[in-house]
Amino acid sequence: MELNVSRPVFAKGFWTRAQRKPAQVRKDASLTRWESQPWRRQLRDVAEYEHPVARAALVQALMAEGLTMDADAARFAGASEDRDCISIAQVLRFADTLALRMAMACTDDHVLQLAHLRRDAEALAERMIEWANAGRL
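Small disclaimer: the values here were computed from a predicted structure and weren't measured. (Residues numbered from 1 in each chain as written. Predicted model: local features only at pLDDT ≥ 70, side-chain atom pairs only at ≥ 80, totals over all residues. Heavy atoms only, no water.)

1. Regarding the side chain of D96
Here's step 1: Structurally, D96 is set in helix α4 (residues 88-104).
Here's step 2: On the basis of relative accessibility, which here comes to 18%, the residue D96 falls in the buried class.
Here's step 3: Setting aside residues no more than four positions away along its own chain, D96 makes contact with S30 and R33. (Helix = DSSP H or I, 4+ residues; strand = E, 2+ residues; numbered from the N terminus. Buried < 20%, exposed > 50% of the residue type's maximum accessible area, 1.4 Å probe, protein only. Contact = heavy atoms within 4.5 Å.)

Here's what the structure looks like:
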């Protein structure tokens, strides 16, 4: 019995990787989740999701309007990614990580604190989307 090893059987079929076109960029999972919820505010320009805004200026503008809870969320939402700037995508990723941390929380108090923080982060994201649509962000 002769075994031919010069060419694999699945040369063009099973073992080939799917070729991705350069224009086909994968979207962030948190953005996809946000856009799939029709009751949420949506951006008119999708490029604004990753548009960086100075964190200090955003906190100052929120405090000037009396939105202290949103300002508190803006102080540390996405700070692990970038300390000086914040974007809507960072806030949405932060809210998603809070959902994961809620699932791993050990006490009811911890779950409650994380739930309030997640709600504040989602409110901040909606406010930032509203401001971006109005041209204020």
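From this point, the narrative continues.
2. Details of α4
Here's step 1: Compared with the 24 Å implied by 1.5 Å per residue over 17 residues, the 25 Å span of α4 between its first and last C-alpha is a close match.
Here's step 2: Elements in contact with the buried residues of α4: α1 (29-35), α2 (55-64), α3 (68-76), β2 (85-86) and α5 (108-134). (Expected span 1.5 Å × (residues − 1).)

3. Describing the pattern of salt bridges
Here's step 1: Scanning all chains against the criterion turns up 11 salt bridges.
Here's step 2: R40 serves as the salt-bridge partner of E126, at 3.2 Å between the closest nitrogen and oxygen. Taken together, the residues E126 in helix α5 and R40 in the loop between α1 and β1 (53-54) connect sequence positions 86 residues apart.
Here's step 3: Judged by its relative accessible area of 22%, E126 is partly exposed.
Here's step 4: Overall, R40 belongs to the buried group, its relative accessible area being 17%.
Here's step 5: Here E81 ties to R93 by a salt bridge, and the two come within 2.8 Å at their closest N and O atoms. Here the residue E81 occupies a position in the loop between α3 and β2, and R93 occupies one in helix α4, the gap between them amounting to 12 residues. (Salt bridge = Lys/Arg side-chain N within 4 Å of Asp/Glu carboxyl O.)

4. Comments concerning the side chain of Q90
Here's step 1: Mapped onto the elements of the fold, Q90 is located in helix α4.
Here's step 2: Looking at Q90, the relative accessible area reads 8%, which means it is buried.
Here's step 3: With sequence-adjacent residues up to four places away left out, Q90 is seen in contact with R55, G78, E81, D82 and C85.

5. Looking at the environment of A73
Here's step 1: Its location among the elements puts A73 in helix α3.
Here's step 2: The spatial distance from the C-alpha of A73 to the C-alpha of R118 is 8.9 Å, given a sequence separation of 45 residues.

6. Regarding the confidence of the model for the protein
Here's step 1: Across the protein, pLDDT averages 82, with 81% of residues at or above 70.
Here's step 2: In this model residues 21-25 is a low-confidence stretch, pLDDT under 50, and it forms zero contacts with partners more than four residues away in sequence or in other chains. (pLDDT = per-residue confidence, 0-100.)

7. Digging into the packing of α2 against α3
Here's step 1: Direction vectors running N to C along α2 and α3 enclose 170°, while the axes themselves pass 8 Å from each other. The orientation of α2 relative to α3 falls into the category roughly antiparallel. Where α2 approaches α3, its residues R55, L58, V59, L62 and M63 are matched on the opposing element by T68, D70, A71, A74, R75 and F76.
Here's step 2: Looking at the contact of α2 with α3 residue by residue, the class counts come to seven nonpolar, one polar and three charged. (Axes fitted to C-alpha atoms, helices over the stretch in contact; angles between N-to-C directions. Parallel < 35°, antiparallel > 145°, perpendicular 65-115°, else oblique. Nonpolar A, V, L, I, M, F, W, Y, C, P; charged D, E, K, R; others polar.)

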